[in-house]
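An overview of the molecular structure
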Amino acid sequence: MSKILELRTKRAALWEQTKKFLEDHRGENGLVAPNAVEQYNKMATDVKALGDEINRLEEQESLEAQLNAPTTKPVTGSPKAETKASGKATATPEYSDAFWNMIRMHGNYGEIRNALSAGVDSEGGYTVPDEFERKLIEALEENNIFRTMAHTIHTSSGTRKIPIAEESGEASWIDEGEEIPETTETFGQTTLSAYKLGTMIKISNELLNDSAFDLAAYISQRFGVMMGNAEENAFINGDGIGKPLGILDDAGAQVGVTAASKTAVTFDEIYQLYYSLKSPYRKKATFLCNEALVLQMMTIKDANNNYIWKPGLGIAEPDTLLNRPLKTSSYMPAVEAGNKTLLFGDMNYYWIADRLGRTFRRLNELYARTDQVGFMTTQRVDGKLILPEAVQVLQMAAGA
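Now for the side chain of N290. On the secondary structure map, N290 appears in the loop between β7 (286-289) and α11 (291-297). Here L293 takes part through its backbone nitrogen, which lies 3.0 Å from a polar atom of the side chain of N290. Only 3.5 Å separates the side chain of N290 from the backbone oxygen of M332, close enough to count as a polar contact. With sequence-adjacent residues up to four places away left out, N290 is seen in contact with S329, M332, P333 and A334.

Have a look at this one:
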């Protein structure tokens, strides 16, 4: 039995014990005995911790598979056959080799410069080679849960216009010979821009010159973590000023339910949130909140005395709430007065626009005194919920 499957089995068993413990210490008035609350909270935290460990192991398996993948392909064509060069300069092996030689400052500078000439932008940066860009995107998605739920488009221009049907028309019954009436179908549009996101790291020259050190994997992973975190925060909480417009903005997800409490949610409120979303969107809808709220919802039951939160049992199978997937993000607001704490909807209507490509620079002199080299990357990205009715949110009661 694999370690992941073993932990999933252990987590499911612990969750059943936790539920039984709760019922055994519930009094006739329906309340849990005060002396049992602390123990229950510890058991529920252990269930959540097992879930986090399962996620970490799955990410490790994914990364291990990527690192163990073959780095070359066998020659299957005739050596005499002519090969056509790729139409994209950054996709060529020559460009990739020159790019990493530039990183390590190996080879003849003139040759490196010539090979990179197709990737020089107006600001003096270099467009990253295709293989590195794919690695960076993978790292972004591993550290950005929101990207896995949203819809991503790629654009070569700074602004992308998206047509939206604002009002749907209606068909009419007509008699023979009558004129068919016009509909009230109207269209509008929204735009996705390209905001600049960047970060920088520094690496010692010893590591750069160590041939055993996988520089590409390290840089892509570090940049992926930092830029992925910044992206997710903006996609959720961004105000649209110099950054994407977050899904929790007033122009984003609609408030479907306002909780009666400032610090707790009830089954009725979650149920109302579920049905505040129109039926067509519920088919692909996902819940999103922070982990503190998950711990709270683990104790909530429906009218049939069944827990509405259920742990995912299969490999890569998510936890569920009311039988819909439940995802967590540390950037979702805390359960406090006035906060929008629980999202439910089809997140595929949040569009992310990536303006390719990302640029990369080596900074030789900035950290020269410590014998280190700086590396800086930038990208341009925007995001917006293009159809607000596709996502509903539960908002806590306002403060005094």
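Still more ground to cover, so stick around.
So, about the packing of aromatic side chains. Aromatic ring pairs: the centre-centre distance and the angle between the two ring planes describe each pair. Enumeration over the complete set of coordinates arrives at 13 aromatic pairs. Relative to F235, the ring of F146 has its centre 6.2 Å away and its plane inclined at 40°; by these criteria the two rings are tilted. Taken together, the residues F146 in helix α6 (residues 145-149) and F235 in helix α8 (residues 215-237) connect sequence positions 89 residues apart. With a relative accessible area of 0%, F146 lands in the buried category. Its relative accessible area of 0% is what places F235 among the buried residues. Here F146 and Y350 contribute two aromatic rings whose centre-to-centre distance is 5.0 Å and whose plane-to-plane angle is 85°, an arrangement assigned as edge-to-face. Linking F146 in helix α6 with Y350 in strand β12 (residues 350-363), this pair joins segments that are 204 residues apart in sequence. Taking the relative accessible area as the measure of exposure, Y350 reaches 0% and is therefore buried.

Our next topic: the side chain of K48. By secondary structure assignment, the location of K48 is in helix α2 (residues 34-68). Looking at K48, the relative accessible area reads 10%, which means it is buried. With sequence-adjacent residues up to four places away left out, K48 is seen in contact with E291, V294 and L295.

To continue, consider the pattern of salt bridges. Applying the stated rule across the entire model yields 14 salt bridges. Between D46 and K42 there is a salt bridge; the shortest N-O distance is 3.4 Å. With D46 and K42 both in helix α2 and four residues apart, the pair spans about one turn of that helix. A relative accessible area of 30% places D46 in the partly exposed class. Two residues, R56 and E53, come together in a salt bridge whose shortest N-O distance is 3.0 Å. Placement of the pair is R56 and E53 together in helix α2, with a separation of three residues, close to one helical turn. Three or more residues are tied together by salt bridges with common partners; here these are K48, D52 and E291.

Counting residues in each nonpolar core, the largest one holds 61 residues, and the members touching the most others are F146, I247, I270, F287, M297, L342 and L343. Considering every element that reaches this core, the biggest residue donor is α2, with eight residues. Excluding residues that lie within four positions of it along the chain, F146 makes contacts with E232, F235, I236, I247, L288 and Y350. Counting residues in each nonpolar core, the second largest holds nine residues, with I201, I219, F360 and V373 among its members.

Rules used in this analysis
- Residues numbered from 1 in each chain as written.
- Predicted model: local features only at pLDDT ≥ 70, side-chain atom pairs only at ≥ 80, totals over all residues.
- Heavy atoms only, no water.
- Helix = DSSP H or I, 4+ residues; strand = E, 2+ residues; numbered from the N terminus.
- Polar contact = N/O pair within 3.5 Å; in protein donor to acceptor, adjacent residues only side chain to side chain.
- Contact = heavy atoms within 4.5 Å.
- Phe/Tyr/Trp six-rings, centres within 6.5 Å; stacked < 30°, edge-to-face > 60°.
- Buried < 20%, exposed > 50% of the residue type's maximum accessible area, 1.4 Å probe, protein only.
- Salt bridge = Lys/Arg side-chain N within 4 Å of Asp/Glu carboxyl O.
- Core = buried A, V, L, I, M, F, W, Y, C linked by side-chain atoms within 4.5 Å.

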